[in-house]
Each structure stands twice: as structure tokens, then as C-alpha cells.
Amino acid sequence: MLYTILDGRFKFVDLLLGFDPSSLNISRKKWHSAFRDIYCSRALLSLNKASLSKKSHANFPRSPSYTTVNFKHENGFQIDQTSLVQIVKEKNLVRLQKLGGVDEVASALDTDAELGIHDDEKEISRRQEEFGSNTYKKPPAKSLFYFVWQAFKDLTIIILIACAALSLGFGMKVHGAKEGWIDGLSIFIAVFLVIGVSAISNYRQNRQFDKLSKVSNNIQIEVMRDGRRQQISIFEIVVGDVICLKIGDQVPADGLLLEGHSLQVDESSMTGESDHVEVNQSQNPFLFSGTKVVDGYARMLVTSVGMNTTWGEMMSQISKDSDEQTPLQARLDKLTSSIGKVGLIVAFLVLVVLFVRYFTGTTKDENGNKRFNGSKTKIDDIINAAVEIIAAAVTIVVVAIPEGLPLAVTLTLAYSMKRMMADNAMVRKLSACETMGSATTICTDKTGTLTMNQMKVTKFWLGKDSVAEGTYSSIAPYVIELFREAIALNTTGSVYKPTSGAEFEISGSPTEKAILSWAVLELKMDMEEVVKTHTILHVEAFNSKKKRSGVLMKRKADNSIWVHWKGAAEMVLAMCSSYYDASGLVKELDNNQKMEFEQIIQGMAASSLRCIAFAHKEVPTNEIEEHHTIKEDGLILLGLVGIKDPCRSGVKKAVQDCQYAGVSVKMITGDNIFTAKAIATECGILRSNQDLSSGAVIEGEEFRNYTPEQRMERVDKICVMARSSPFDKLLMVQCLKQKGHVVAVTGDGTNDAPALKEADIGLSMGIQGTEVAKESSDIVILDDNFASVATVLKWGRCVYSNIQKFIQFQLTVNVAALVINFVAAISAGEVPLTAVQLLWVNLIMDTLGALALATEKPTNELMENPPVGRTEPLITNIMWRNLLSQAFYQIAVLLTLQFKGKSIFNVNDQVKNTMIFNTFVICQVFNEFNARKLEKKNVFQGLHKNKLFMGIIAITIVLQVLMVEFLNKFADTERLDWGQWVICVGFASLSWPIGCLVKFIPLPEKPFLSYLKIKK
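Now for a look at the structure at hand. (Residues numbered from 1 in each chain as written. Predicted model: local features only at pLDDT ≥ 70, side-chain atom pairs only at ≥ 80, totals over all residues. Heavy atoms only, no water.)

**A word on the overall build of the chain**
The test is simple: Where helices and strands are cited, they refer to DSSP runs of H or I of at least four residues and of E of at least two residues respectively, numbered from the N terminus. For every residue, the accessible area obtained with a 1.4 Å probe (protein chains only) is divided by the maximum for its type, and the residue is called buried under 20%, exposed over 50%, and partly exposed between those limits. Note on areas: these come from Shrake-Rupley sampling with a 1.4 Å probe, and a residue is covered only by the protein chains present in the view.
When you go through the chain residue by residue, the secondary structure sums to 35 helices and 26 strands. Burial status across the chain gives 52% buried among its 1016 residues. In the structure as shown, the chain presents an accessible area of about 47,500 Å², 56% of it carried by carbon and sulfur atoms.

Structure, rendered in C-alpha cells:
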């Protein structure tokens, strides 16, 4: 009540004095607030005195003549979350200006615009408590119940459950409650076991995908805290943080531009508009979470994080679907559908035959009596028999439909993704796992991928003289000062000097770090001092097209204006008309002199050095244009530096492995042709004796200027493309794809995004790669190492090979089970394998088989084969040979047992059927070993390394023993003696020598199925 009255008084006072509080900046608001507080305090004091004068018995101390006013909110900040959100979301420039601009907002958030916030836990916690964390609510993950429900919705499972219910009901009615429940309950248990295993497996894979998604979303962001530039997780950013942005970065939160140069942002993820938006301090200082920096660099002040940003609101409503279907899964769906149709036809024929045999009186019970005697047969018996026949037919369909194929693909992809993470490759798109196995060409970057990305300045040329390390004191001080200016002002890196006297902390790109380190340690550059004594007027940021960066700046001492350029040596040299010699004198740069400098550059490049040139020029004030464009001609060459970036130790072997596997490796780099040639030779991409006149090494411009016909003709011969632009890389990818190649491309820059998207497999770099490049790629190479690219190639082939192994294994079971049941049903009027037994076989071959074969690790022998073509059949001639030989052997053995087993082994029907079931299952166990190697005769090679495979084999054998010896009523089996077990195992063990012998059979190259196609 009192607060309402006072608030009304405040507004009335504001009205009398003509104040509009919303029009005041933060500083003025403080004084206005102070005035209101003092007015309020005095008003309360006067009211108190009036009321207290009537109470003479009360004795109060005298009130002081001043009032302490706390200008801050309870949270310690002078601005609230709502105001911050509204300013940025509404792009309310007027309101921002009324608050005093970005600097005043930073002050209200207790942020030093230059040094950032304090880097201590208490400060971070305070900000998170008030403004929230940079995370967003996610839709709830799919529960285990969801996957159980999905498994229940399968049509064959529904039919089986219905059959189990009918079997249970009629069984209890016919055989009584003591015995009648066994068959029905057995089917129920078997069905629920299949559902449970399938649901748990899918649930675990979904959890795995969620974990990988969290890793891919954990972006590293550069922030300024306590004056120190450091990298932190995007989730650790808080309101008030000062963020350093550069080309390719994702804006991690909503905020305001503190300082920037040539900043352009892609807001298409928020607005859908493809045009790039210019962000500047005067007209549009607003930055939004989720957008991408496409040009320039900047520092921003974070004003909103997490759910208070538009991006956070959007992402909280989006559920990332892990049900992405890969091309291989699509092909398997077609295969499953085709096999399923065959299974349905066989099941229907079995159904018809069994019904005909039953109603014609051919089917007899265990005592030899007819099961159907016309009107004498009870209706309950007829229904019970019909349920048994339908259950048998449905179970044949269950076995025939290889629903384990999609599960096997999911398992092998999930397993591969997990293992590839350990091998420094994070899969963003599932299809890339399998497509990589078909790659025929890899187009790779040089810097950081083939080389170590640990750059160091090893050569310094002033004029035509090389200056040795430790002799820089002989250089004219004026020239040294110019170098300090050129390096300190024209950089996106930073130098942090700890107060404790520890070593300098230098941040930026590897090239920037190398140059800054050299300037600080050798030229004794004080970056902070240089920046303080100069004003930057305009910046042209480095981009991969121009391959240089420039700065227009003013010296505060004399107000003179200067231009500084830095970049690729031959590019900067072309802009110069004079140069400094070793003594610091300016000399004219004619064509002859330029040729001498070009030879110096080529000499450094031939030694695998990256050559960077520095140039400058004073600009008269009257020549400064309105938009501060930077002069690009008539410059004075300051000097040249050569930066060494050694090759990675394992890269030569990785390149050789790829070439041995039939995969061509091409190097595409922005460096000059001599550096590129030297590195390519060192890495094994070029042979030392290779004829380079054949077009193996070219420049991007030359490739660009070819006619389309010339490009198509020569693209296969190219091994190295130097001085290439991102457009050249895209052009090469398009040409290679047109020629039928499966192309993998590495890239790290924003401009590499089109090539990464165009390629069959885009591989971005995890360390140096921009967020734009990562989002455009399929796989992120976490250590930026080409050896990891070779490992990804091996894993891709492993995925494809594992799927083929499982297809061979499962189709063997499908063919054998269908033929046995069909022949037995037609000839004997019954199926030897019951519904429960067939469901058990289904469980072995689907889930356990998928686990055993889909988790084989990659071996070096995978790299001995040529790449798998785009159109090569999934089931090869080798697989047909292996699976048909095993299937025919199993059919022969089991049909012999079916028709002659009783007389040969002198056993009854129940024991005979148990032997058929036992032999069939053990055959699959032995055949699982055969499936490990499609071509190799030694199927046991590397077996000791796959503990999971051995574990699954052991589990299968133990469960089979339980089914036969202890779960007789559940599985409808009879206990076998030792002799009968030996017979079953003996028959099954012959799978191994048969599997070895058939591998000697020569095969035609033309796929078997192509012979069945009718020529038109």
C-alpha cells in the first residue's frame, strides 16, 4: 500500500518537473533516482515527526540530516534482463542511445569494455543467477517405453501376440489349466524377449546419438576476461562477457557490438534472408545468437544468453532427429522388402498346404490318429489346430523377414561413430560413415592437415639481405618501429602479458601467432604501447581471395596517416614501387629488382616456407576518402618473413595407405606453387622423380581459366593446386564428381563451405575450422590431422564390410529355414521347427548376430581392395557363393534328419525334431565364424582381438544348452544324450571346411543377378 502511494508520488513529481525517466541515460537516471529517494525520505520523516509529536511518552533519537542511497539493484547490476532483451530483440537503437550507448550498458553490467569481466567463480555464479546460463531447454529424450511401443507396432509381432493369446486360451481349454498354458505362454515369452532386446538396442543407440550431438554443440568461444584472451565453452558464457569474433565464428549469444571492422553477419538462420547484414556501431550494433560472421572481426558485449535469446527459444522447440536414413539403409529396406515378399509367398503356401492336409485327414497326431474326423471333431480342436497352423505360418514370415538388417546397420553405424570419436573423427551425418568407404579421391588442405600447424618465423629478409637471428640490433631503429606498427595494428591476434612476469600468452591463427611471437621476442614489440599511440581508421580483413589484410591508421604523436599491408609475398610485392634496404634507405623497385625479390620468395618457398611480406605508405590527409578505402599501390616494401610449418610425422604413411587403397590424394592450398610443390613431395603426394610438365602441379587461376572440356580432361592428372581460391576447390570437386568419382574434401574456412557441401563427404577441421565450415561438413576431424582422414576412410570401408558380413550370415539362415519348413510342410504336413524355436533362431541371427558381426574393428586388409563403386551390388558374387553353399549344406543335413533321422539314429519324433532344431542353431554358430571373412580362407585371424564376438558365441551356446536340456516345455524340446550332441555338433562343424573349400571356386566379375535381367 505504502509502495503504491510513494510510486504515485514519484510519478507526480516527475510530471511537475517535466522529467521523462525513459529518456535519461544510466548516469542521469542515478541522479534522478537519488533525488526521488531523498524526496521520499524527507516526506516520510516529516510524516513521522507529525505523528510522533502526539506521543510524548515515546523517546526517539534524532534523525540524521543525510540519507544513504544505494543506486544499484539488489543483484548488483544497474540494468535488468527485460531491458537488455528488448533492446536487442527489437533492435531498438533509440532506447539504446537513451541509455547512453553500448559503453554505458557495459558499465551497468559491471563490465570493462577493454578487459572484460573478472574471471572468478563467484563473479560467474552471480551473473548466472541473475541472467541465466547459456543453455536451452531441450525436448525430453525418447524413453525406453517409446521404443518398446514402436516394437509392439510391428505387424508380425501383433499377429504373433494374437496367435499366442489364442494358443493360450484354447490350450487351457483343451488340455486343462495344468498343461494347456505352456505353448501359448512360451510364444508370449519369446515374443516379449524379441521386443525387449530390439527396444533396448534401439534405445541405447539413440542415447549414443544424443551424446555425440552434445559434443558437436560444445563450441569453443574466445572471450576476454581480466584482460586475458582465452577459449571457453559456449555453455560457460555469461551476460557481460566480451566475446572476440572473427570470420566463420558463430555468434554465441545475443549482444551489442563494442568494436569492429568490416563486420558482416549471415542472419539467414534467424530471418531466412540470404543477404549479409552489415553490423556497425552507429546504425546496427545488434548481434544475434546462432548467426554467422562472414567477414571482418569484432568484439561484442553479451546481453542475453540461453532461453532469453531468440535462438534459444527456437532450439528448445526443435528435437534433433537421429532417425536419419542413410543410402545403405535405403538399399537394405528394398532388400528386406524383396525377401519379405518371398517369405510371405512361402508362408501362404505353407498355410494352404497345412489346412488342406488337416481338413483332408492327412495330418495325424502323435498316436497315428487322424486329427480331423469330419463332424466327430470338436470345434475347439479345429480352432486349436487352426491357431497352430497360423502361428507356424506367421513364424515363417518372422524368420523370413530380415528385420535384423536395419538393426545391424544402426548398430554398426553407432559403434563406428563411437570408435571414430576415439580416433579423432566426429561424425555429424550418419551417411558419411558408409560413403567414406566408397571414396575414390581425397582433396586435402595443406596447412594444419598435412603440416603440424606449429608455425615459427625462421627467415627474415630486409631488402635483398637475409638478417640472421640475434643481429636485429644492426637494423635502423626507424625500420624496426615500422615493423612493430605493421604487426601490432594489422592483426586479429593478441598478446597478453601476465603481471607475475610469466611468459607472454599469444592468441590468434597459427600464422598470426608466429608473427606476433617473433615481433615480441625478437623485435621487442610492446603491443599495448603501440596500440595506445595509434588510432585505427579502417581495416580490410584478410580473406582467402585477396590473401592479404590492410589497415589505415593515424599516429597520435603527429596526426600523420599511414597504410600498412601484410599478406602473401608475391601479392604484396606487386603493390610496391620501392623498398627498404638493409641500412634503412628507400630504393626504387623496378622490374629487375622485382625479379630478384621473386627469386628470394621462390627460394624460401622451395624450402617449404610460407612467405609473408609487409609494406606501408604514408597517405596525405587530403587523399583520405570519405569511406577510408586503403591505398593498394605505390607502397614501400618493408621486408619478408619465412614461416616454417613442418610436416606431420605420420602423414607420409597415411598418404601412401590411401594411394595403396586405390584412393587418389590431391593437395589444394592457398600457398604459392613452390611451397606447395615442396610440401607435396615431402608428404608423398608428388614423387621426387615425377614429371611435372604433365600438369600434375598447377595454380588455381590456370585451372579456373581452362575450358570445361580441358578441365574434365586434365582433372585426374592434377596432384597439387596452388594459389587456389575456395571457388577453385569447388570447381575441382564438381569436375571430379562429373567424372564419376566419390569425392572427400577437407576444409577449415568459411569460404570452404560450398566445396564441403558439394563433396560426397565434407571433412572439416576441429581445431582451425570455423563454425560455418563445421556445419557444412559431414565429419569433423578433431585433431586436424590427415592421418585421421585415412582412419576415417578405413572405418568407412569397415562399416560397409560389416553390413555385407551380416547380410551373408542372415540370408543363409533365411534360405535354409524357408526351404526346410516349406518342404516339410508339403511332404509331412508339419513344420519341424515350432514357433518358439523359430523365434529363438530369429533372436540369434537378428540381434546377437548383428552385435557379433557389426562390431568388427577395421583391419589393414580393408585397404588392399579398390573402393566400392556407387552402383556395385550390395550382395556380391563372393557373398552369393558363400551363402548358397552353406544354405544348401544345411538344407541337405536338416532334410535328411527330417525324413531319415528316426531310422538312422533310432529315435522318436520328439528327439528327431530336437536334433533338427539343435543342429540348425549350432550350424548358425559355426557359420558366424565363416561370415567374419568374406574372401580370406583363415576365418580365425584376429579373433582374439574381438572379445565381444567371442562373448556372444559363448552366450548363444549356453542359451542353446538351456533351451534343449532344461527348458523342454517352453521350447518344445527333448533332452539329448552326449552322443546326440556330438552328432549335432559334428554336422555343424563341417560348415568350416565347406566354407574354406568354396573360396577356391573362381567367380566371374559380372554380378550373378545381372544374368537374370532380360535384355530388351
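Continuing now.
**Remarks on the sheet that holds strand S21 (residues 664–668)**
Applied cut-off: Strands are labelled as partners when DSSP assigns at least two bridges between them. The angle between two axes is taken between their N-to-C directions and runs from 0 to 180 degrees, where each axis is a line fitted to C-alpha atoms and a helix contributes only its stretch in contact.
Read across the open sheet, the eight strands follow the order S8-S26-S25-S24-S9-S21-S23-S22; overall the sheet is mixed. Lying at the two open borders of the sheet, with one neighbouring strand each, are strand S8 (425–427) and strand S22 (697–699). Shown here is a sheet whose adjacent strand axes are inclined to one another by a mean of 20°, direction ignored. The sheet contact formed by S8 and strand S26 (residues 779–781) spans three bridges and is antiparallel. The partner of Met426 across the bridge, within S26, is Val780.

**Remarks on the side chain of Asn490**
How we decide: Throughout, a contact is declared for two residues whenever any of their heavy atoms are within 4.5 Å.
Secondary-structure assignment places Asn490 in the loop between helix H16 (477–489) and strand S12 (494–496). With residues near it in sequence (within four places) discarded, Asn490 still touches Glu485, Glu512, Ser549, Gly550, Val551, His564, Trp565 and Lys566.

**With respect to unusual backbone geometry**
We note that Lys524 has phi near 55°; this positive angle belongs to a residue other than glycine. Within the secondary structure layout, Lys524 lies in the loop between helix H17 (510–521) and helix H18 (527–532). In this structure, Asn559 is a non-glycine residue whose phi angle is positive, near 60°. Here Asn559 lies in the loop between strand S15 (548–555) and strand S16 (561–568).

**So, the packing of aromatic side chains**
Selection criterion: In summary, the pairing rule links any two rings of Phe, Tyr or Trp, Trp by its six-membered ring, whose centres are within 6.5 Å, and it sorts them by plane angle into stacked for under 30 degrees, edge-to-face for over 60 and tilted for everything else.
One pass over the full model with this rule turns up 21 aromatic pairs. Here the aromatic rings of Tyr358 and Phe359 are separated by 5.1 Å at their centres, their planes lie at 80°, and the arrangement is edge-to-face. Its relative accessible area of 3% is what places Tyr358 among the buried residues. When the centroid spacing of 6.2 Å and the interplanar angle of 85° are considered together, the rings of Phe483 and Trp518 count as edge-to-face. With a gap of 35 residues between them, Phe483 in helix H16 and Trp518 in helix H17 connect regions that are remote in the sequence.

**Considerations on the side chain of Thr675**
With respect to the helices and strands, the residue Thr675 is situated in helix H22 (residues 673–683). With a relative accessible area of 2%, Thr675 lands in the buried category. The contacts of Thr675, once residues within four sequence positions are left out, are Ala605, Ser608 and Leu609.

**As for helix H28 (residues 786–828)**
Basically, it comes down to this: In this scheme, a helix's expected span is set at 1.5 Å multiplied by one less than its residue total. We call two N or O atoms a polar contact when they sit within 3.5 Å, provided that within protein one can donate a hydrogen and the other can accept it, with sequence-adjacent residues counted only if both atoms are side-chain atoms.
The first and last C-alpha atoms of H28 sit 63 Å apart over 43 residues, in line with the 63 Å expected at 1.5 Å per residue. In terms of burial, H28 is largely enclosed, as 33 of its 43 residues are buried. Put simply, Asn785 is the residue that caps the front of H28, since its side-chain oxygen is 3.1 Å from the backbone nitrogen of Ala787.

**Thoughts on the pairing of strand S3 (residues 242–245)**
Here S3 shows no split at all, with Val242 and Cys244 on one side and Ile243 and Leu245 on the other all buried. For strand S1 (residues 220–225) and S3, the ladder comprises two bridges, and the chain directions are antiparallel. In the strand pairing of S3, Val223 is matched with Ile243. Summarising the sheet, S3 and strand S7 (residues 292–304) pair through four bridges and their orientation is antiparallel. By the bridge assignment, Ile243 is partnered in S7 with Met300.

**Re the pattern of salt bridges**
The line we're drawing: A pairing counts as a salt bridge when a side-chain nitrogen of Lys or Arg comes within 4 Å of a carboxyl oxygen of Asp or Glu.
All chains considered together, the criterion is met by 33 salt bridges. Two residues, Asp778 and Lys429, come together in a salt bridge whose shortest N-O distance is 3.7 Å. A residue pair is termed long-range when its members are at least 10 positions apart, and Asp778 in the loop between helix H27 (771–776) and S26 and Lys429 in the loop between S8 and helix H15 (431–435) qualify at 349 residues. Among the residues examined, Asp778 registers a relative accessible area of 8% and is labelled buried. Residue Lys429 is classed as partly exposed on the basis of its relative accessible area of 33%. Across the pair Glu856 and Arg932 runs a salt bridge, and its minimum N-O distance is 2.7 Å. Taken as a pair, Glu856 in the loop between helix H29 (835–853) and helix H30 (877–905) and Arg932 in the loop between helix H31 (909–930) and helix H32 (947–965) lie far apart in primary sequence, 76 residues in all. Ionic contacts of the salt-bridge type, sharing partners, join the residues Asp110, Glu123, Arg126 and Arg127 into one network.

**Thoughts on the packing of helix H20 (residues 591–606) against H22**
To keep it simple, the criterion reads: In what follows, roughly perpendicular refers to angles from 65 to 115 degrees, roughly parallel to angles under 35, roughly antiparallel to angles over 145, and oblique to any angle outside these ranges. Each crossing gets its hand from how the near helix is turned against the far one by less than a right angle, where anticlockwise is left-handed and clockwise is right-handed. Polar here means any residue outside two lists: the nonpolar Ala, Val, Leu, Ile, Met, Phe, Trp, Tyr, Cys and Pro, and the charged Asp, Glu, Lys and Arg; Gly therefore counts as polar.
For the pair H20 and H22, interaxial distance at closest approach is 7 Å and the crossing angle is 15°. In terms of their interaxial angle, H20 and H22 are classed as roughly parallel. Relative to H22, H20 is oriented so that their crossing is right-handed. Touching Gln602, Ala605 and Ala606 of H20 are Phe674, Thr675 and Ala678, all from H22. Taken together, the residues of the contact of H20 with H22 break down into four nonpolar, two polar and no charged.

**Some remarks on a positive patch on the surface**
Condition: A patch consists of residues whose relative accessible area exceeds 30% and which take part in no salt bridge; residues with like charges are grouped when within 9 Å of each other, and nonpolar side chains (Val, Leu, Ile, Met, Phe, Trp, Tyr) when within 5 Å. None of His or the chain ends enter the tally, which takes Lys and Arg as positive and Asp and Glu as negative. For the purpose of locating charges, the reference atoms are NZ of Lys, CZ of Arg, CG of Asp and CD of Glu.
On the surface, Lys138, Arg204, Arg207, Lys211, Lys214, Lys418, Arg419, Lys857, Lys945 and Lys947 cluster together into a positively charged patch. Of all elements in the fold, only helix H9 (181–217) and helix H14 (404–422) reach the threshold of two or more residues within the positive patch. Ranked by the residues each element gives to the positive patch, the list is headed by H9, at four residues. Summarising the element assignment, Lys214 is placed in helix H9.

**With respect to the environment of Asp645**
Positionally, Asp645 belongs in the loop between strand S20 (635–644) and helix H21 (651–660). C-alpha of Asp645 to C-alpha of Thr458: the two residues are 187 residues apart in sequence and 9.9 Å apart in space. Excluding residues within four positions of it along the chain, Asp645 makes contact with Thr447, Gly448, Thr451, Met452, Asn453, Gln454, Met455 and Ile679. Side chain to side chain, Asp645 and Thr451 meet in a polar contact 2.6 Å long. One polar contact links the side chain of Asp645 to the main-chain amide nitrogen of Gln454, over a distance of 3.3 Å.

**A short note on the pairing of S15**
For S15, the buried fraction is high: seven of the eight residues fall into the buried class. As defined by bridge partners, strand S14 (residues 534–540) adjoins S15 across six bridges and the pair is classed as antiparallel. Across the sheet, residue Val539 finds its bridge partner in S15, namely Val551. Two elements, S15 and S16, share seven bridges in a ladder whose sense is antiparallel. When the sheet's bridge partners are listed, Met553 is paired in S16 with Trp562.

**Quick notes on the environment of Leu686**
The residue Leu686 is located in the loop between H22 and S22 in this model. Considering only alpha carbons, one finds Leu686 and Cys719, 33 residues apart in sequence, at a separation of 7.0 Å.

**Notes on the nonpolar core**
For clarity, the threshold we go by: We define the nonpolar core as a collection of buried residues of types Ala, Val, Leu, Ile, Met, Phe, Trp, Tyr and Cys that are connected through side-chain atoms lying within 4.5 Å of one another.
Ranked by internal contacts, the top residues of the largest apolar core, which has 66 residues, are Met436, Ile685, Val720, Ile761, Ile779, Phe786 and Ile807. When residues in this core are grouped by element, the largest group, 12 residues, is from H28. Residues contacting Val720, with those up to four places away along its chain left out, are Met667, Ala676, Ala680, Ile685, Leu686, Ala696, Val697 and Ile698. Membership of the second largest hydrophobic core comes to 63 residues, among which are Ile161, Val813, Leu818 and Leu833.

**Quick look at H21**
We apply this condition: Relevant arc is that of directions from the helix axis to the C-beta atoms, nothing else.
Taken together, the buried positions of H21 are Val651, Ala654, Val655 and Cys658. Along H21, the residues classed as buried sweep out an arc of 100° about the axis, all on the same side. More than 90 degrees from the buried face of H21, the exposed residues found are Lys653 and Tyr660. Packing partners of the buried residues in H21 comprise strand S9 (441–444), S21, H22 and H28. Looking one or two residues past H21, Gly662 carries a phi angle of roughly 85°, positive in sign.

**A look at a nonpolar patch on the surface**
Among the surface-exposed residues, Ile955, Ile957, Val958, Leu959, Val961, Leu962, Phe966 and Leu967 lie close enough to one another that they form a single nonpolar patch of about 650 Å² accessible area. For Ile955, a relative accessible area of 44% puts it in the partly exposed group.

**A word on the packing of H28 against H31**
Relative orientation of the contacting elements H28 and H31 amounts to 155°, with a least axis distance of 10 Å. Considering their axes alone, H28 and H31 lie roughly antiparallel with respect to each other. Seen from above, H28 lies across H31 with right-handed handedness. Between H28 and H31, the residues in contact are Gln808, Phe809, Thr812, Val813, Ala816 and Ala817 and Phe920, Gln924, Asn927, Glu928 and Asn930, respectively. Among the residues forming the contact of H28 with H31, the class breakdown is five nonpolar, five polar and one charged.

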